[in-house]
Amino acid sequence: MKEVIVKAPATIANFGPGFDVFSLALEEPYDIVKVRLNDKNSINVKIVGMDEGIPISVENNTAGLAATHFFEETNLSKGVDVEIRKGIISCAGLGTSGASAVACIYGLNILFGANLGHNEIIEIASRGEIASGGVAHADNVAGCLLGGFVLIKNYRPIDVVKIEVPNVPIVICIIKKAKRTTRGLISGRISLTKAREQISYSSSLIHAILSGNLKDIGEAVNRDHISEPVRSRFIPGYDDIKKKVVEARAYGCNVSGGGSSIFVICEEDKTGEIAEIMKNICSQGGVENKVIITKASNAGVEEINGL
Ligand code: HSE
């Protein structure tokens, strides 16, 4: 049976102010997903490596659910075995659920020669996200598929654009969420004043990415009225971390995706110091964490030769 092996990067969804619209792909960590056709007409999902209790039933797994939508959408009827080799810690806001979904659809598209375009792959994969957060948001899957900084120009129908990024060093304090998703706690209402500010924060970030200025990028991701105020409440020591890293001359700090990981943008020669600050504050507060130093990546999902 034919198979493809796909590398799928972690992503920082929202990337500060871009709730459900912005996403940034990372060089590390990443998941590897093996997509293999079977002749049983069934969708089977298996997790290899860090299992962490990720559901593998088709309707509760983002790759499984996305595959169901792929078969419905394309009227193809073969089955598929999806083997997900986790490199991205789950339930930590680093886009592993989106990575599985989009890698699976990317692989199926190759195996069937289905000729789906980027927007169609993103559309189908984002429906897989319902298995994780209950909502078909496209930011993680779009960033993972295309790499770089991705913004969603339109949701219905999906239309995304990728902007290449310069060297953006990123320190991430990986913290798992206590709740599977905190999305439902975000208010559906925002005042006009905050909406106006949010639009200006988002505009600043797009401008900063286009001008390739690291300091401007960091300062633009530092502000958000939608996700950060809610998600940060579930991260002990968050305000202290943000204050201390900015005092140490990092450019910006925010919650990654749905949390509870925290990302910081700073100059390359500051990454070690910033990592220490984050590690120390979390450890003093008894928060289980893993700090990594990574960077933005312009590479998205790609087929690789072997595991
Ligand atoms: N945009 C999504 C959210 C990303 O904020 O809920 C989390 O997966």
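A few points on the structure.

**Some words on the packing of aromatic side chains**
- Following the criterion strictly, the structure yields 6 aromatic pairs and no others.
- Measuring from ring centre to ring centre gives 5.9 Å for Phe 71 and Phe 112, while their planes differ by 90 degrees; the resulting arrangement is edge-to-face. Of this pair, Phe 71 sits in helix 1 (residues 62-74) while Phe 112 sits in helix 2 (residues 96-112), and the two are 41 residues apart along the sequence.
- Exposure remark for Phe 71: the relative accessible area of 12% places this residue in the buried category.

**Section: the site of the ligand**
- Near the ligand you find Ala 13, Asn 14, Phe 19, Asp 20, His 137, Asp 139, Asn 140, Arg 183, Arg 231 and Gly 258, and these make up its full shell.
- For the ligand, a nitrogen atom lies 2.5 Å from a polar atom in the side chain of Asp 20.
- At 2.8 Å from an oxygen atom of the ligand is found a side-chain nitrogen or oxygen belonging to Arg 231.
- Computed on the free molecule, the ligand has an accessible area of 260 Å², of which 89% lies beneath the protein chains in the complex.
- When atom positions are compared with the pocket grids, the ligand is found to occupy the largest pocket.
- Residues of the shell around the ligand, tallied by class, amount to 2 nonpolar, 4 polar and 4 charged.
- A domain split of the shell around the ligand shows at least three residues from each of domain 1 (3-164 + 297-304) and domain 2 (169-295).

**Focus: the state of the cysteines**
- Using the criterion set out here, one finds 0 disulfides in the structure.
- For Cys 91, which is in no disulfide, the shortest distance to another cysteine sulfur is to Cys 173 and amounts to 16 Å.
- Unpaired in terms of disulfides, Cys 104 finds its nearest cysteine sulfur in Cys 144, a separation of 12 Å.

**Thoughts on the sheet that holds strand 9 (residues 262-265)**
- Spatial ordering of the open sheet is given by 8-9-7-10, a layout of 4 strands whose pairing is antiparallel. Edge positions in the sheet fall to strand 8 (252-255) and strand 10 (290-295), since each of these pairs with one other strand and no more. Looking at each pair of strands side by side, their axes are set apart by 20 degrees on average, direction ignored.
- The pairing of strand 7 (residues 169-174) with strand 10 spans 6 bridges and is classified as antiparallel. In the sheet register, Cys 173 faces strand 10, and the bridge partner there is Val 291.
- Its contacts with the sheet place helix 9 (residues 238-247) against strand 8 and strand 9, and it is angled at close to 160 degrees to strand 8.
- Running at roughly 15 degrees to strand 7, helix 10 (residues 271-284) makes contact with strand 7, strand 9 and strand 10 of the sheet.

**Focus: the nonpolar core**
- Within the largest apolar cluster, 72 residues are counted, with the highest numbers of intra-cluster contacts made by Phe 15, Leu 108 and Phe 149.
- Residue contributions to this core peak at 8 residues, all from helix 2.
- The residues that make up this core include at least three from each of domain 1 (3-164 + 297-304) and domain 2 (169-295).
- When residues no more than four places from it in sequence are discounted, the contact partners of Phe 15 are Phe 22, Leu 24, Phe 149, Leu 205, Ile 209, Ile 217, Val 221, Phe 263 and Ile 265.
- Ranked by size, the runner-up nonpolar core spans 22 residues in total, among them Ile 241, Val 245, Ala 250 and Val 255.

**Digging into the pattern of salt bridges**
- By the definition in use, this model includes 15 salt bridges.
- Between Arg 183 and Asp 20 there is a salt bridge, and its shortest N-O distance comes to 2.5 Å. Here the residue Arg 183 occupies a position in the loop between strand 7 and helix 6 (192-211), and Asp 20 occupies one in the loop between strand 1 (3-13) and strand 2 (22-38), the gap between them amounting to 163 residues. Accessibility assignment for this pair places Arg 183 and Asp 20 in one class, buried.

**Some points on helix 7 (residues 214-221)**
- Along helix 7, the residues classified as buried are Leu 214, Ile 217, Gly 218, Ala 220 and Val 221. Along the long axis of helix 7, the arc covered by the buried residues comes to 165 degrees, so they all point the same way.
- Buried residues along helix 7 sit in contact with strand 7, helix 6, strand 8 and strand 9.
- Where helix 7 starts, the residue carrying a side-chain oxygen 3.0 Å from the main-chain nitrogen of Lys 215 turns out to be Asn 213.

**A short note on the packing of helix 3 (residues 118-128) against helix 5 (residues 139-146)**
- As a packed pair, helix 3 and helix 5 sit with axes 9 Å apart at the nearest point and diverge in direction by 140 degrees. Classified by the angle between their axes, helix 3 and helix 5 sit oblique to one another. Pair helix 3 / helix 5 crosses with right-handed handedness. In this structure, helix 3 uses His 118, Ile 121, Ile 122, Ala 125 and Ser 126 to contact helix 5, whose residues at the interface are Val 141, Ala 142, Leu 145 and Leu 146.

Cut-offs and rules
- Residues numbered from 1 in each chain as written.
- Predicted model: local features only at pLDDT ≥ 70, side-chain atom pairs only at ≥ 80, totals over all residues.
- Heavy atoms only, no water.
- Phe/Tyr/Trp six-rings, centres within 6.5 Å; stacked < 30°, edge-to-face > 60°.
- Helix = DSSP H or I, 4+ residues; strand = E, 2+ residues; numbered from the N terminus.
- Buried < 20%, exposed > 50% of the residue type's maximum accessible area, 1.4 Å probe, protein only.
- Near = heavy atom within 4 Å.
- Polar contact = N/O pair within 3.5 Å; in protein donor to acceptor, adjacent residues only side chain to side chain.
- Areas by Shrake-Rupley, 256 points an atom, 1.4 Å probe, with all protein chains shown as cover.
- 1 Å grid on protein atoms, 1.4 Å probe; cavity = no way out; pocket = protein on both sides within 12 Å on 5 of 7 lines; lining within 4 Å.
- Sits in = over half its atoms within 2 Å of the grid points.
- Nonpolar A, V, L, I, M, F, W, Y, C, P; charged D, E, K, R; others polar.
- Domains from an automatic or database assignment.
- Disulfide = S-S within 2.5 Å.
- Pairing = 2+ DSSP bridges.
- Axes fitted to C-alpha atoms, helices over the stretch in contact; angles between N-to-C directions.
- Contact = heavy atoms within 4.5 Å.
- Core = buried A, V, L, I, M, F, W, Y, C linked by side-chain atoms within 4.5 Å.
- Salt bridge = Lys/Arg side-chain N within 4 Å of Asp/Glu carboxyl O.
- Arc of directions from axis to C-beta.
- Parallel < 35°, antiparallel > 145°, perpendicular 65-115°, else oblique.
- Left-handed = near helix turned anticlockwise from the far one by under 90°.

That is the geometry; function is a separate question.
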